Amino acid sequence: MTETLSPAQPLVVEEGEEQRGFAGTNVPRKEDKRLVQGQGVYFDDVKRHGMGYAHFVRSPYAHANITSIDVSKAEALEGVYGTLIGEEVAALTDPFFQLATPPGAHIKDYALAVGKVRHVGEPVAIVVAATRELARDAADLVEVDYEPLGAVTDARRALDPETPVLHEEAGSNLSWEGVYEWGDVEGAFAEADHVVKISELHFDRFNSTPLECDGAVVEYNRGTGQWTIHTNNQFPGFAAIMMGPAMRTGLDKLRFVTQDIGGGFGNKITSHPQLVACCLLARKLHRPINWTEWRTEFHLTMSHGNERWFLDTEVAVKADGTLLGFRTKALDDAGAFLRYEPLGGVIWAQVTPGCYRWRNVRLDFTQVVTNKAPCSPNRGYSRMQHLWFTERMIDIVAHELGLDPVEVRKKNYVKAEEMPYTTPNGCVYDSGDYARMLDVALELIGYEGLAERRADAESRGKLFGFGIGSTLDSGTNNFGQSRLINPELQFSGNNEVATVKLDIFGEIVVTLGTTPQGQSHETTAAIVVADILGVTPDDVNVRAGHDTYWNSHAGFSGTYASQFAVTGLGAVKGAAEKLAGEIKKLGSVILGCPESELELADGFVRMKANAEAALPLMACGAIINANNAGLPEDLDVTLNARYVYRPPFELPDVERKYGNLTLTYAAQVHAALVEVDPETGVYEIVQYAAIDDCGKRIHPQIVEGQVMGATAHALGAATHETFTYDAEGNLLTPNFYDYHVPHAMDMPPLKTGYIESPSPFTALGTKGMGEGGGAGIHAVCAALQDALAPRGRPVVYDSCNPYHRVWELLQDPEASRRRVEVISK
């Protein structure tokens, strides 16, 4: 069940005001027809004559030297086209560029394992055959001899002297470390009436399991030396930056093509090693290569979300619940290779104080490598871990000091009248009203009646709990933040491109630089263009997908980091306005009047004072494209407008680790009610509310879908989803038999609401959104802690709490309580 509560005064259309244009309305989605009818085109739908199917041979060991590889039996099998092994890759390519400073910078990462494997499932060879099934069977014939080594599976032990080192060239398992400190931390603790100490909090490793796994169809043109890569990689700009130097080729030789993608969530950003392997095979075997990842391969090897510990945390608090500051040590497990890391070592700083007015913060960040699958961005990347941590501090402080978690939040939230609000580290929260969002959540959850619900649950032998999660969805990265981890990196700002053209028969054609995976870019782009050109969304043709050979690709093109509503639509708006200007310029010549006297409406450029003096857009397209004799020579009109949107960023101050790291801040407040069986630890989420503020909503229904999807991911991460390893580095949850994602029947009764606080920093008042699920992870943790309080006041210290963990807290509450200490002055 889903219900939606709108704010008392919606900002899309003020009360009594007539709706103008299509923005803010639920027009039919342009993507739906082809997707619902099964006419979407995914990479695996691309077929080529003579195509070979690739299957990876993967390591059964978490850490081992490779002593030999014999592919002869596989190659002798009829229908096998060829193979590729690590030694070939090392000869043909260079290691991937590393973002880290030393020692992480010295890590050598190739498309296949070279001499050593560092996690279960790491690819050591590839077999290509006439069918997918034959390639899989032939892969079993490849003989690999290993010399097993000790495995590192606990990041807390990764830097111990006796721990094996994964990358000898780095000399250590340390990949990056840095200290962030802002404000007067010592002064805050001197002023505090209470200091709450928390020895350890733990955020579990999981990912967002898109329906479609990774893959590609790769072709090589021997005449031009160009690869065409049909893939579902969601950030081709980053993939090209990684692949070009490694393959010793220019980026113009790498053409990325996508149409439809079956979910991404950040998990499909770091497939560049596999894409390089496919490129090498396409060139070697003179045939197109299809690689389609299996689900178990995806779980074993791709895109885990970062596991993180928060150690020796201290929170400075006044007697009235005012939060003065905190200090902690964050330990991040990056897995076996860095791939997109150590960007997680700075991305969290976009939301340093969470939703709160903390001014004094110290965080020692350490990232290590372990014999687990590599990490990559995962919906809410790095911010989710930190925001869960800030919320845990709030609730633990409230419980330990006997304060109301609702009132502690309201006392310490950044206030609406303080927006735009500059955080201690120089980020700027653009707009928002967190207290109002919390009030909406409390209304939806039935906060006034919680005492009765608690009594009813107790009468049935259940423990009842209520929890809140407040989080931020920072969107539109300033890639200059990368310099806070490596001052030598030459990245800063951000960009996205769109083109809008009026074609010969009046077709309006929009080309995007983004790679949507369900965010409805075609629909929202059509809405923006329609409102500017005075047509309907049905009149706007948005090209599906992405092609780097279209003139709408920039260095940061892709779909990631909650930014399309800002960068993508910002580019669309700029291109559409540029085209509108050209149409008016042409109209002024044809109609013989100043441009200022013209308007675009109902498919015409026409005079404001005389609507009959009008020129159809179709005529405009025909004149410029096919009937242009006699036009003034200085008429600079092409009706093909390209616009590059660049957010207004400055370079951060590297020494102070200070600056605006992202442009917009959507916000989410979630509330959960749970009932727990005290005998078994089994619990049920019996009511749930999710409130979102993403500024101006271009298409409310699409926003609602993003809110629900993020909530489902959050509840999965809070209740069941975790990648658990044994001491030898074996993943114990390698597929959906063991890794439980929420089904429809697992979802609780869900009520949704929203407010709108338009961003003053964006062209449309929009904010990126869709990564606010972290609120849900904490709402469940907080509800469990509240429910278990009568049974010894255990402390919920893990982000994921399957039934067995809840049972353990009930059996030995004191074990968790030893993690917390309160020092009062």
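Residues numbered from 1 in each chain as written. Predicted model: local features only at pLDDT ≥ 70, side-chain atom pairs only at ≥ 80, totals over all residues. Heavy atoms only, no water.

### Some words on the overall build of the chain
Right, so step 1: Along its length, the chain carries 20 helices and 31 strands.
Right, so step 2: The C-alpha atoms of the chain give a radius of gyration of 28 Å, which matches the 28 Å a tight globule of 825 residues would have.
Right, so step 3: Once the C-alpha set of the chain is aligned to its principal axes, its extents read approximately 90 × 75 × 55 Å.
Right, so step 4: In the chain, which comprises 825 residues, the share counted as buried stands at 62%.
Right, so step 5: A fraction of 80% describes how many contacts in the chain between residues 6 or more apart in sequence connect residues 24 or more apart.
Right, so step 6: Split by element, the accessible area of the chain, about 29,400 Å² in all, is 50% carbon and sulfur. (Helix = DSSP H or I, 4+ residues; strand = E, 2+ residues; numbered from the N terminus. Rg over C-alpha atoms; globule rule 2.2 N^0.38 Å. Buried < 20%, exposed > 50% of the residue type's maximum accessible area, 1.4 Å probe, protein only. Contact = heavy atoms within 4.5 Å. Areas by Shrake-Rupley, 256 points an atom, 1.4 Å probe, with all protein chains shown as cover.)

### Quick word on the confidence of the model for the chain
Right, so step 1: Overall, the prediction assigns the chain a mean pLDDT of 95, with 98% of residues at 70 or greater.
Right, so step 2: Note on residues 1–17: pLDDT is under 50 here. Beyond four places in sequence and across chains, it has 35 contacts. (pLDDT = per-residue confidence, 0-100.)

### Considering the side chain of N478
Right, so step 1: In this fold, N478 is placed in the loop between β19 (463–477) and β20 (496–502).
Right, so step 2: One polar contact links the side chain of N478 to the main-chain amide nitrogen of G480, over a distance of 2.9 Å.
Right, so step 3: Engagement of the side chain of N478 in a polar contact is seen with the backbone oxygen of N660, the distance being 3.1 Å.
Right, so step 4: Sequence-distant contacts of N478, that is, excluding residues within four places in its chain, are made with S492, G493, F649, E650, P652, N660, L661 and T662. (Polar contact = N/O pair within 3.5 Å; in protein donor to acceptor, adjacent residues only side chain to side chain.)

### Section: the nonpolar core
Right, so step 1: If you look at the biggest cluster of nonpolar residues, it comprises 155 residues, and the most contacted ones within it are I229, M243 and Y434.
Right, so step 2: Membership of the second largest hydrophobic core comes to 47 residues, among which are I583, M607, V637 and I698. (Core = buried A, V, L, I, M, F, W, Y, C linked by side-chain atoms within 4.5 Å.)

### Quick notes on the packing of helix α11 (residues 405–412) against helix α12 (residues 434–445)
Right, so step 1: Put simply, α11 and α12 touch, their axes get as near as 9 Å, and they point 155 degrees apart. In this view, α11 runs roughly antiparallel relative to α12, as classed from their interaxial angle. Residues V406, R409 and K410 of α11 form the contact with α12, whose participating residues are A435, L438, D439 and L442.
Right, so step 2: Looking at side-chain class alone, the contact of α11 with α12 contains four nonpolar, no polar and three charged residues. (Axes fitted to C-alpha atoms, helices over the stretch in contact; angles between N-to-C directions. Parallel < 35°, antiparallel > 145°, perpendicular 65-115°, else oblique. Nonpolar A, V, L, I, M, F, W, Y, C, P; charged D, E, K, R; others polar.)

### As for the domain arrangement of the chain
Right, so step 1: The assigned domain composition of the chain is domain 1 (43–149 + 213–261 + 269–301), domain 2 (182–207 + 303–480 + 652–818) and domain 3 (495–645).
Right, so step 2: Taken together, the contact pairs 22 residues of domain 2 with 18 residues of domain 3.
Right, so step 3: The three residues of domain 2 that bury the most area against domain 3 are T476, F479 and I698, which together make up 32% of that side's buried surface.
Right, so step 4: Connecting domain 2 to domain 3 are zero salt bridges.
Right, so step 5: Remark: the boundary between domain 2 and domain 3 carries four residue pairs in polar contact (both at pLDDT 80 or more).
Right, so step 6: Every element with two or more residues in the side of domain 2 that touches domain 3 is listed here: β19, β28 (662–676) and α17 (700–719). (Domains from an automatic or database assignment. Buried area = accessible area lost by both parts, 1.4 Å probe. Salt bridge = Lys/Arg side-chain N within 4 Å of Asp/Glu carboxyl O.)

### Let's talk about the packing of aromatic side chains
Right, so step 1: The tally for this structure, following the rule as stated, stands at 28 aromatic pairs.
Right, so step 2: When the centroid spacing of 5.8 Å and the interplanar angle of 85 degrees are considered together, the rings of F56 and W291 count as edge-to-face. Here F56 is found in strand β2 (residues 52–58), whereas its partner W291 is found in strand β13 (residues 289–292), with 235 residues between them in sequence. Summarising the burial analysis for this pair, F56 and W291 share the class buried.
Right, so step 3: Grouping aromatic residues by their ring pairs yields a cluster made of F235, F238, Y340, Y381, F479, F556 and Y560.
Right, so step 4: R697 extends its terminal NZ or CZ atom over the ring of Y754, reaching a point 3.5 Å from the ring centre. (Phe/Tyr/Trp six-rings, centres within 6.5 Å; stacked < 30°, edge-to-face > 60°. Lys NZ or Arg CZ within 6 Å of the ring centre and 35° of its normal.)

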